[in-house]
Amino acid sequence: MLKSRNLIEPMDLSVEELDEIFDLAEEIIKKPSEYSNICAGNLLATLFFEPSTRTRISFEAAMLKLGGKVIGFSEPTSSSIAKGESIADTVRTVSCYSDIIVMRHPKEGAPRIGTMVSEVPIINAGDGGHQHPTQTLTDLLTIRSLKGGFSNLTVGLCGDLMFGRTVHSLMKALSRYENITFILISPQELMIPEYVRKEVLRKNGIKYEEVRRIEEVIDKLDILYMTRVQKERFFNEEDYVRLKDHYILDNEKMALAKEDMIVMHPLPRVNEIAVEVDNDPRAIYFKQAKYGMYVRMALIIKLLGLD
Amino acid sequence: MLVINSIEKGIVIDHITAGLGAKILNYLDIDTSEHTVAFIMNAPSKKYGRKDMIKINDVTDIDLSDLGLIDPKATVNVIENHKVVKKIRLEIPERVVDVIKCKNPRCVTSIERNAPHVFVLIDREEREYKCEYCDDIVSMKGDWQNEIMRKEWLRIKSRK
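Values in this document were obtained by computation on a predicted structure and should not be read as measured data.

About the criteria used
Residues numbered from 1 in each chain as written. Chains lettered and ligands numbered in written order. Predicted model: local features only at pLDDT ≥ 70, side-chain atom pairs only at ≥ 80, totals over all residues. Heavy atoms only, no water. Helix = DSSP H or I, 4+ residues; strand = E, 2+ residues; numbered from the N terminus. Buried < 20%, exposed > 50% of the residue type's maximum accessible area, 1.4 Å probe, protein only. Contact = heavy atoms within 4.5 Å. Areas by Shrake-Rupley, 256 points an atom, 1.4 Å probe, with all protein chains shown as cover. Lys, Arg positive; Asp, Glu negative; His and termini not counted. Charge placed at Lys NZ, Arg CZ, Asp CG, Glu CD. Pairing = 2+ DSSP bridges. Axes fitted to C-alpha atoms, helices over the stretch in contact; angles between N-to-C directions. Phe/Tyr/Trp six-rings, centres within 6.5 Å; stacked < 30°, edge-to-face > 60°. Lys NZ or Arg CZ within 6 Å of the ring centre and 35° of its normal. Parallel < 35°, antiparallel > 145°, perpendicular 65-115°, else oblique. Left-handed = near helix turned anticlockwise from the far one by under 90°. Nonpolar A, V, L, I, M, F, W, Y, C, P; charged D, E, K, R; others polar. Buried area = accessible area lost by both parts, 1.4 Å probe. Salt bridge = Lys/Arg side-chain N within 4 Å of Asp/Glu carboxyl O. Polar contact = N/O pair within 3.5 Å; in protein donor to acceptor, adjacent residues only side chain to side chain.

Overview of the overall build of chain A
The helix and strand inventory of chain A stands at 11 helices and 9 strands. Referenced to the eigenvectors of the C-alpha coordinate spread, the extents of chain A come out at roughly 55 × 45 × 40 Å. When each of the 307 residues of chain A is scored for burial, the buried share is 56%. Of the contacts formed within chain A by residues at least 6 apart in sequence, a portion of 72% connects residues at least 24 apart. Surface exposure of chain A reaches about 13,000 Å², of which carbon and sulfur atoms provide 49%. In chain A, 39 positive and 45 negative side-chain charges are present, and the distance between their average locations comes to 2 Å.

Written as structure tokens, this is what we have:
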């Protein structure tokens, strides 16, 4: 039963609960008109203590497409936080007006404070470099819809594997399925942290290899998950400049890949995928953004108990 | 041989691993209290060779179960009329609230006033705890002293 639950981290949901959400998302994709008024009379509040365009718009679009309404703020300067109000007080007050709250905050664990005082479900839309569960849901729905399931897949993860939270969450979520192989493609400086190797890979007996070049392995992959090297993670400009263009996926490399491989990216993309790849049918990252909206629609319906 | 009189009413924290007594005193914020307190270091012990011991006079109604976080081997005896009326064997707590302070500067507890600091046991062997908000991990076996928050009950009582 997902009604009235909170979603703070992807592992809050069991494999069965995830399937429930994905089943509903696929139903919505098939028959959107049947769901266009399901949330009428419900109000979603977006509390964005840190600016975000993509995630906020995706949530707002999701609620509006379900016939619900949206209130909220998109940066802390326009909220009572600027006057010194605590997170707890802000959430408690907003929960009096709304039916569900989506919250992003730069501090790790901030949405958990929200769950302690809120009368309505809280969805974490990103808490610093910590968790971003609806991105993981987006990635999983994309994989399930386009690859037919999660088992027996060889998944290549490329770019910043050290700081990329989406990569860590996705690996953790996929490690619950059968016969998954990870191929980790990154420069030495941006390899996955040891705790992921220990807690996710070795603990679950997952097959993996670590390589330096996309060309070496692209022909083996069912999925290539590209990530951006994020400037804000580096202490010095020199390292960032040296590493930012380390991996650029272009048509030449795509020519080596399987016919049915898919290229995913959490977006925004900078240089890591050449624009020429966008026209390749295997480049599905914009479709992935669309799946993100559908999975958020399904999540909202489930947490409100309207299905 | 150093002799410390028995107490009529109070608490005796016994079998403290030698060397941890001072840390427990620090945790209890005892230096601000007006109670009579005896602290014995390196007393001979049949069981452990050496042990520390703390006796606090005139206090019985307090919960010291979180002390297991610092030293799970210690025991707490409640004394009334010179007799032990209750013996508490300390255990490693599963969850502690406002005992360990999260040191992660990115954690929400660093900015949110009044947020309880909650840590959950994740590895009994290593005595590792995880912050319930940011997942930061601390080991109580390691250099943890600065992460322990001081209990304020004695201070509060002595101000009455």
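After that view, the rundown keeps rolling.
Details of the sheet that holds strand E1 (residues 10-17) of chain B
Residues and elements named next belong to chain B. Strand order in this open sheet of 5 strands is E2-E3-E1-E4-E5, and the pairing throughout is antiparallel. Sheet topology places strand E2 (37-45) and strand E5 (83-89) at the edges, where each strand pairs with a single neighbour. Pairwise comparison of adjacent strand axes, ignoring direction, gives a mean angle of 20° for this sheet. Sheet analysis places E1 next to strand E3 (residues 49-57), joined by 6 bridges and oriented antiparallel. Bridge pairing links Val-12 to Lys-55 in E3.

Quick notes on the packing of aromatic side chains
All names here are of chain A. As enumerated under the stated definition, the model contains 4 aromatic pairs over all chains in all. A centroid spacing of 6.2 Å and a plane angle of 55° characterise the contact between Phe-22 and Phe-150, whose relative ring orientation is tilted. One end of the pair, Phe-22, is in helix H1 (residues 15-30); the other, Phe-150, is in the loop between helix H5 (133-147) and strand E5 (154-158), with 128 residues separating them in the sequence. On the basis of relative accessibility, which here comes to 5%, the residue Phe-150 falls in the buried class. Among the aromatic residues, those joined into a cluster by ring pairs are Phe-22, Phe-150 and Tyr-177. Across the ring face of Phe-59, the terminal group of Arg-296 is positioned such that the distance to the ring centre comes to 5.0 Å.

A short note on unusual backbone geometry
Excluding glycine, residues mostly carry a negative phi; peptide bonds, for their part, are mostly trans. For the bond from Leu-267 of chain A to Pro-268 of chain A, the omega torsion is 5°, close enough to zero to count as cis. With respect to the helices, strands and loops of the structure, Pro-268 of chain A is situated in the loop between strand E9 (262-264) and helix H11 (285-304). One non-glycine residue, Asn-152 of chain A, lies in the positive phi region at around 55°. Mapping Asn-152 of chain A onto the fold places it in the loop between H5 and E5. Phi at Arg-127 of chain B is positive, roughly 50°, even though this residue is not glycine. Looking at the secondary structure, you find Arg-127 of chain B in the loop between strand E7 (118-123) and strand E8 (128-131). Judged by its relative accessible area of 14%, Arg-127 of chain B is buried.

Re the packing of H1 of chain A against H5 of chain A
All names here are of chain A. Between H1 and H5, the least distance of the axes is 11 Å, while the angle of their chain directions is 65°. With respect to H5, the element H1 is oriented roughly perpendicular. The crossing of H1 and H5 is right-handed. Between H1 and H5, the residues in contact are Leu-18, Asp-19, Phe-22, Asp-23, Ala-25 and Glu-26 and Leu-137, Leu-140, Leu-141, Arg-144 and Ser-145, respectively. In terms of residue class, the contact of H1 with H5 is made up of 6 nonpolar, 1 polar and 4 charged.

Overview of the interface of chain A and chain B
If you look at the interface, chain A gives 15 residues, while chain B gives 14 residues. Taken over both partners, the interface formed by chain A and chain B buries close to 1,200 Å², and the fraction arising from carbon and sulfur atoms is 51%. Of all residues in chain A, the largest losses of buried area upon contact with chain B belong to Lys-107, Glu-108 and Ile-113 of chain A, amounting jointly to 44% of the total for that side. Counting the contacts that link chain A with chain B gives 1 salt bridge. The shortest N-O distance in the salt bridge between Arg-106 of chain B and Glu-108 of chain A comes to 3.0 Å. Our enumeration of links across chain A and chain B arrives at 10 residue pairs in polar contact (both at pLDDT 80 or more). Among the secondary structure elements, those contributing two or more residues to the side of chain A that touches chain B are helix H3 (87-97) and helix H4 (110-117) of chain A. Take the side of chain A that touches chain B: its biggest share by element is 4 residues, from H4 of chain A. Of the residues belonging to the side of chain A that touches chain B, the class tally is 5 nonpolar, 6 polar and 4 charged.

Considering the sheet that holds strand E2 (residues 69-73) of chain A
Residues and elements named next belong to chain A. The strand order E2-E1-E3-E4 describes an open sheet built from 4 strands, whose pairing is parallel. Every other strand in the sheet has two partners, leaving E2 and strand E4 (122-127) as the edge strands with one partner each. Along the sheet, successive strands turn relative to each other by an average axial angle of 15°, direction set aside. The sheet contact formed by strand E1 (residues 43-48) and strand E3 (residues 100-105) spans 5 bridges and is parallel.

Section: the side chain of Ser-45 of chain B
Checked against the element boundaries, Ser-45 of chain B lands in strand E2. Excluding residues that lie within four positions of it along the chain, Ser-45 of chain B makes contacts with Arg-50 and Lys-51 of chain B.

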